[in-house]
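# Residue-level structural notes
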Amino acid sequence: PGALILALLRGIYRASDGKRIAGCGFTDARIDMDSLKGFMVRCAAKGYRFDFVIQEAMNAQTILETIASAGLATITRQNNGRIGVVWFAEDQPIEGVINMAAMRVGTQDGPLTTIASNFSVQYDLVRTADEFQLEFFDRDNEWTWQPMRVIAPGVDVPQRTSSENVRGVTTMAHAATIARFSMAQ
């Protein structure tokens, strides 16, 4: 997925006349190469691929996000304007701590103001799915749509199933990773 993202960010050009026929046409100065290099290494190590034929109209952002999602990533725009990726990794922390006394906000020209008194947290207590079904196009099964089901821990008989079709994921192992990640959300 990382190499495809880089190719689309740079643009794909017709050999005969140099006209851009796909992608963004960005120079390398507008691309966060370090994040893409890291993402390419991770995708290779995990065996993540993106195999998909685009058959409908899609804007560049949608295509880039679709490709990035196959590697559990998303497209980012850095403060310096460069475009790159961030991805979920096993060694990332699973929780964070917010010190409300230290929360501050300010404007570019104005002073910092403490906002702890305005901070709130809302919990969504709606019952969520206890099973997730991911449909993927399986290259090992004659390129047919196949389901991958993941059941939440502690559930014997699922009552609420959430489902999604995924683009570009074409192996059972890759689909299982995406399905488990989605179920964990």
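The structure this text deals with has already been given above.
Scope of this entry: the structure provided in the associated data block.

### A short note on the sheet that holds strand β7 (residues 131–138)
The three strands lie next to each other as β8-β7-β9, forming an open sheet whose pairing is mixed. At either margin of the open sheet sits one strand with a lone partner, and together these are β8 (144–151) and β9 (161–165). Strand-to-strand twist of the sheet, defined as the mean angle between neighbouring strand axes without regard to direction, takes the value 25°. With eight bridges joining them, β7 and β8 adopt antiparallel strand pairing. What sits directly across from Phe136, in β8, is Gln146.

### What to know about the nonpolar core
What tends to happen in soluble globular proteins is that the nonpolar side chains get buried as a cluster. Counting 37 residues, the largest nonpolar core has Ile5, Leu9, Leu134 and Met148 as its most contacted members. Contributing elements (two or more residues each) for this core: α1 (2–10), α2 (33–46), α3 (60–69), β3 (73–77), β4 (83–87), β7, β8 and α4 (172–184). Counting residues per element, this core draws most heavily on α4, at five residues. Not counting residues up to four positions away in its chain, the partners in contact with Ile5 are Leu36, Phe39, Leu64, Ile67, Ala68, Ile75 and Val85.

### A short note on unusual backbone geometry
Of note, the phi angle at Glu142 is positive, near 55°, even though the residue is not glycine. Its place among the elements puts Glu142 in the loop between β7 and β8. Overall, Glu142 belongs to the exposed group, its relative accessible area being 72%. In this model, Trp143 sits at a positive phi of 55°, which is unusual for a non-glycine residue. In this fold, Trp143 is placed in the loop between β7 and β8. Its relative accessible area of 43% is what places Trp143 among the partly exposed residues.

### Here we look at the pattern of salt bridges
A complete count under the given rule lists eight salt bridges for this structure. The partner of Arg160 in a salt bridge is Asp130, and the shortest N-O contact between them spans 3.9 Å. With Arg160 in the loop between β8 and β9 and Asp130 in the loop between β6 (113–114) and β7, this pair connects stretches of sequence that are 30 residues apart.

### Brief notes about the packing of aromatic side chains
One pass over the structure, following the stated rule, counts five aromatic pairs. Measuring from centroid to centroid gives 4.7 Å for Phe88 and Phe181, while their planes differ by 55°, and the two rings are tilted. In this pair, Phe88 is assigned in the loop between β4 and β5 (104–105) and Phe181 in helix α4, connecting sequence segments 93 residues apart. A relative accessible area of 24% places Phe181 in the partly exposed class. Among the aromatic residues, those joined into a ring-pair cluster are Phe137, Trp143 and Trp145. The ring of Phe26 has Arg30 sitting right over it, with the charged end atom 4.0 Å from the ring centre.

### Observations regarding α4
Because an α-helix completes one turn every 3.6 residues, residues spaced three or four positions apart along the sequence face the same direction. For α4, with 13 residues, the first-to-last C-alpha span of 18 Å sits near the 18 Å given by 1.5 Å per residue. Within α4 the residues assigned to the buried category are His174, Ala175, Ala176, Ile178, Ala179 and Met183. The inward-facing, buried residues of α4 contact α3, β7 and β8.

### A closer look at the packing of α1 against α2
Helix-helix packing is characterised by the crossing angle of the two axes and by the distance between the axes. At a minimum axis distance of 8 Å, the contact between α1 and α2 shows a crossing angle of 150°. What the angle tells us is that α1 and α2 run roughly antiparallel. Across the interface between the two elements, Gly2, Ala3, Ile5, Leu6, Leu9 and Arg10 of α1 pack against Met33, Leu36, Phe39 and Met40 of α2. Broken down by class, the residue content of the contact of α1 with α2 amounts to eight nonpolar, one polar and one charged.

Rules of the game
- Note that residues are indexed from 1 along each chain, following the sequence as it is written.
- Only residues with pLDDT of at least 70 are given local features in this predicted model, and only at 80 or more are side-chain atom pairs given and counted; all residues enter the totals for whole chains, interfaces and linings.
- Where side-chain values are given, they derive from all heavy atoms of the structure, hydrogens and water being excluded.
- Strands pair, by our definition, only if DSSP identifies at least two bridges between them.
- Runs of H or I in DSSP of at least four residues are treated as helices and runs of E of at least two as strands, each being numbered from the N terminus.
- Simply put, an axis is a line fit to the C-alpha atoms, just over the touching stretch for a helix, and the angle between two N-to-C directions goes from 0 to 180 degrees.
- For our purposes a nonpolar core is just a set of buried Ala, Val, Leu, Ile, Met, Phe, Trp, Tyr and Cys residues, chained together by side-chain atoms within 4.5 Å.
- Exposure classes here rest on a 1.4 Å probe applied to the protein chains alone. A residue is buried below 20% of its type maximum, exposed above 50%, and partly exposed in between.
- Any two residues whose heavy atoms approach within 4.5 Å at even a single point are treated as in contact.
- Between Lys or Arg on one side and Asp or Glu on the other, a salt bridge is scored when a side-chain nitrogen of the former is within 4 Å of a carboxyl oxygen of the latter.
- Paired rings are identified among Phe, Tyr and Trp, the last through its six-membered ring, by centres lying within 6.5 Å, and are further divided according to the angle between planes into stacked (under 30 degrees), edge-to-face (over 60) and tilted (the rest).
- Here, a charge over a ring is recorded when the distance from Lys NZ or Arg CZ to the ring centre is within 6 Å and its angle to the ring normal is within 35 degrees.
- By this rule, a helix spans an expected 1.5 Å times one less than how many residues it contains.
- Each angle is binned into one of four classes, with values under 35 degrees roughly parallel, values over 145 roughly antiparallel, values of 65 to 115 roughly perpendicular, and all other values oblique.
- Think of it as three bins: nonpolar holds Ala, Val, Leu, Ile, Met, Phe, Trp, Tyr, Cys and Pro, charged holds Asp, Glu, Lys and Arg, and polar takes everything else, Gly as well.

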